[in-house]
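Given next are the chains, with one letter for each unit.
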Amino acid sequence: MKERILYFDWLRVYATIMVVTIHVAANYIGINYLEGKTAWISANFYESLARSSVPLFVMISGALLLSSKQEINYPQFLKKRVSKILIPLVAWSFIYYCYQVFVRKWIEEFSFTEFITKFLNADISVHFWFMYMILGLYLTTPIIKVFIQNARRKDIEYFLLLWFYASVIVKFMKYHFDLAFNVELFHVTNYIGYFVLGYYLATFPMNVWWTRIGYAMALLGFSSTFFLTHYFTVAQEGVPQLFWYEYHAPSVLLAAAGVFLVFKHLFAKRKIGPVLNVANKLSFGIYLLHILVMFSLMNTRLMRIVDAQHPLLAIPAEVFIVIVISAAISYVISKIPVVKNLIP
C-alpha cells in the first residue's frame, strides 16, 4: 500500500479555504477602487493570498496521478477517475440550474434544452470551470504518464521551461506590451504545466537552498500580486485591473510553487489534526457546495450582521461560515446511500 503523503492533506485544506476566499472577496473587488479604498484594499489582500489555490489543487492531482507506477487499465481508469468528476459535474450542474430557476427565479422557466446548452458551454456556475479543466487533465493523464515514466529529470525541466514560456511569459507580454512571440506550443500550455510541476516538486529531492527559496517565492508571489494589482488599478482611475490574479500570472506561479515547497518542508512528517482532517476529507464537497451556500445566505440576517463589519473582518468571517455549512451538508450527503456518489 502506497504511503500517504501527509503534506498533501495540509495543502488540500489550505487550497479549499483559499478557493472559498476568492469567491467571497470577489464581491468587494468588483467595485471601483475610488468608491471604497480600504474595503477594496482589504479584499485585494485576501484575493492575493488566495490566488494560488487552484494551481495547488492541480499540482496535488498531478503529483498523485503521475507518480503511480501501475500500468493503466483504460476501462478501470476511466471508471475510477473520469466518472469521479463527470457524475458530480452533471448532477451538481443540474442542481444549480434548478436552484436558479425555482428558488432564485434568475431564469424564467425550466428548459432541459437550455440546461444542456449551458452545461456544454460551462455556463451553469462560475466555479464549475475547474471541473471541466481537471476532467481534461484526467483524460490526458495516460498520455502524460508515458512521457513522465520515460523522462529524465532534465526532460521534465525542459517541458516546464517550455510551459513557462508558452503559458506565463507569452500571456504577460501580450497583456502588458501587446507583443507575443507565440510559436506553436499549445501542447505545453495552460494547466498541464501545473499538473507536471506538482509531480516534479513532489518527486525530486530539493536541497536546503530550494527549501529556503520556497519561503521567498511564496512571500514574493503574494506581495507582488497585491501591490501590482493595486498599482495598475489606481493607474486606471480605480477600475479593477486583474491580470495579476490570473492563474498563469508570474506572481501566482511564484506563490503556488512557493507554498507547495513550504508545506512540503513544514508538514512532510506532521499528520493533520482531526478538525482540519474533516475539511480535508470533505474538500470536494465544500468546493461543490460553497457557491450554493453563498447564494442561500444572501440577504439573511446573519449575512447582514457580517457585511456590516469592515471587509478585513467580514471576509474571513463569511469564509468560515460558508465552509462550516458546506462541510456539514457534505458530511450528511456522504452518509446517504446512492446520493453519496454526488460527493465522491
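Reading the values: rules and limits
- Residues numbered from 1 in each chain as written.
- Predicted model: local features only at pLDDT ≥ 70, side-chain atom pairs only at ≥ 80, totals over all residues.
- Heavy atoms only, no water.
- Axes fitted to C-alpha atoms, helices over the stretch in contact; angles between N-to-C directions.
- Helix = DSSP H or I, 4+ residues; strand = E, 2+ residues; numbered from the N terminus.
- Left-handed = near helix turned anticlockwise from the far one by under 90°.
- Contact = heavy atoms within 4.5 Å.
- Nonpolar A, V, L, I, M, F, W, Y, C, P; charged D, E, K, R; others polar.
- 1 Å grid on protein atoms, 1.4 Å probe; cavity = no way out; pocket = protein on both sides within 12 Å on 5 of 7 lines; lining within 4 Å.
- Points joined across faces, edges and corners; volume = space filled by probe spheres on them.
- Buried < 20%, exposed > 50% of the residue type's maximum accessible area, 1.4 Å probe, protein only.
- Core = buried A, V, L, I, M, F, W, Y, C linked by side-chain atoms within 4.5 Å.
- Polar contact = N/O pair within 3.5 Å; in protein donor to acceptor, adjacent residues only side chain to side chain.
- Salt bridge = Lys/Arg side-chain N within 4 Å of Asp/Glu carboxyl O.
- Patch = residues over 30% accessible without salt bridge, like charges linked within 9 Å, V, L, I, M, F, W, Y side chains within 5 Å.
- Areas by Shrake-Rupley, 256 points an atom, 1.4 Å probe, with all protein chains shown as cover.

Q: Just checking my understanding: could you explain the packing of helix H7 (residues 153-177) against helix H8 (residues 192-203) for this structure?
A: Geometrically, a packed helix pair is captured by the angle between its two axes and the distance between the axes. In contact at an axis separation of 10 Å, H7 and H8 are set at 145 degrees when each is read in the N-to-C sense. Crossing of H7 over H8 shows left-handed handedness. On the side of H7, the interface is formed by Arg153, Ile156, Glu157, Phe159, Leu160 and Trp163, while H8 contributes Ile192, Gly193, Tyr194, Val196, Leu197, Tyr199 and Tyr200. A per-class count over the contact of H7 with H8 returns ten nonpolar, one polar and two charged.

Q: Please explain the layout of surface pockets as it appears in this structure.
A: A probe matching the size of a water molecule, rolled over the atoms, marks out where space remains unfilled. If you add up the space inside the largest pocket, you get close to 1400 Å³. Around the largest pocket sit 36 residues that line it, and Leu64, Leu65, Arg81, Lys84 and Tyr138 are the ones nearest its centre. Elements with a minimum of two residues in the lining of the largest pocket: helix H1 (6-29), helix H3 (53-66), helix H4 (74-103), helix H6 (129-150), helix H11 (274-281) and helix H12 (283-297). Roughly 750 Å³ of internal volume is contained in the second largest pocket.

Q: Whenever I open this one, unusual backbone geometry confuses me. Can you help?
A: Excluding glycine, most residues fall at negative phi; most peptide bonds, likewise, are trans. Despite not being glycine, Lys105 has its phi angle at roughly 60 degrees, a positive value. Relative to the assigned elements, Lys105 resides in the loop between H4 and helix H5 (112-120). You can call Lys105 exposed: its relative accessible area is 59%.

Q: Before we go on, may I ask you to explain the nonpolar core in this structure?
A: Nonpolar side chains tend to gather and get buried jointly when the protein is soluble and globular. Counting residues in each nonpolar core, the largest one holds 114 residues, and the members touching the most others are Leu11, Val58, Trp92, Phe128, Tyr194 and Leu201. With 15 residues, the top contributor of residues to this core is H1. The residues touching Val58, leaving out its near neighbours within four places in the chain, are Phe130, Met133, Ile134, Leu137, Tyr191, Tyr194 and Phe195.

Q: Even after reading the chapter, I still don't get the side chain of Ser326, so can you show me in this structure?
A: The topology assignment puts Ser326 in helix H14 (residues 311-334). Among the residues examined, Ser326 registers a relative accessible area of 0% and is labelled buried. At 2.7 Å, the side chain of Ser326 and the backbone oxygen of Val322 are in polar contact. Once residues lying within four places of it in the same chain are set aside, the contact partners of Ser326 are Ile286, Leu289, His290 and Val293.

Q: Whenever I open this one, the pattern of salt bridges confuses me. Can you help?
A: Pairing between side chains becomes possible if they bear opposite charge and their charged atoms approach one another. Using the criterion set out here, one finds seven salt bridges in the structure. Between Arg51 and Glu47 there is a salt bridge, and its shortest N-O distance comes to 2.8 Å. No difference in accessibility class separates Arg51 from Glu47, as the two residues are buried. We note a salt bridge from Asp123 to Lys118, for which the minimum N-O separation is 3.4 Å. By relative accessible area, which is 45% here, Asp123 ends up partly exposed. Several salt bridges converge on common partners, so that one network encompasses Arg4, Asp9 and Arg12.

Q: What should I look at first to understand the environment of Ser283 in this one?
A: With respect to the secondary-structure elements, Ser283 resides in helix H12. Beyond its immediate sequence surroundings of up to four residues, Ser283 is in contact with Arg12 and Thr16.

Q: It is not clear to me how a nonpolar patch on the surface should be interpreted in this structure. Could you clarify?
A: Together, Phe94, Phe102, Val103, Phe110, Phe112, Ile116 and Leu120 line one region of the surface with nonpolar side chains, adding up to about 680 Å² of accessible area. Of all the secondary-structure elements, those providing two or more residues to the nonpolar patch are H4 and H5. Mapped onto the elements, Leu120 comes out in helix H5. The exposure class of Leu120 is exposed, given its relative accessible area of 63%.

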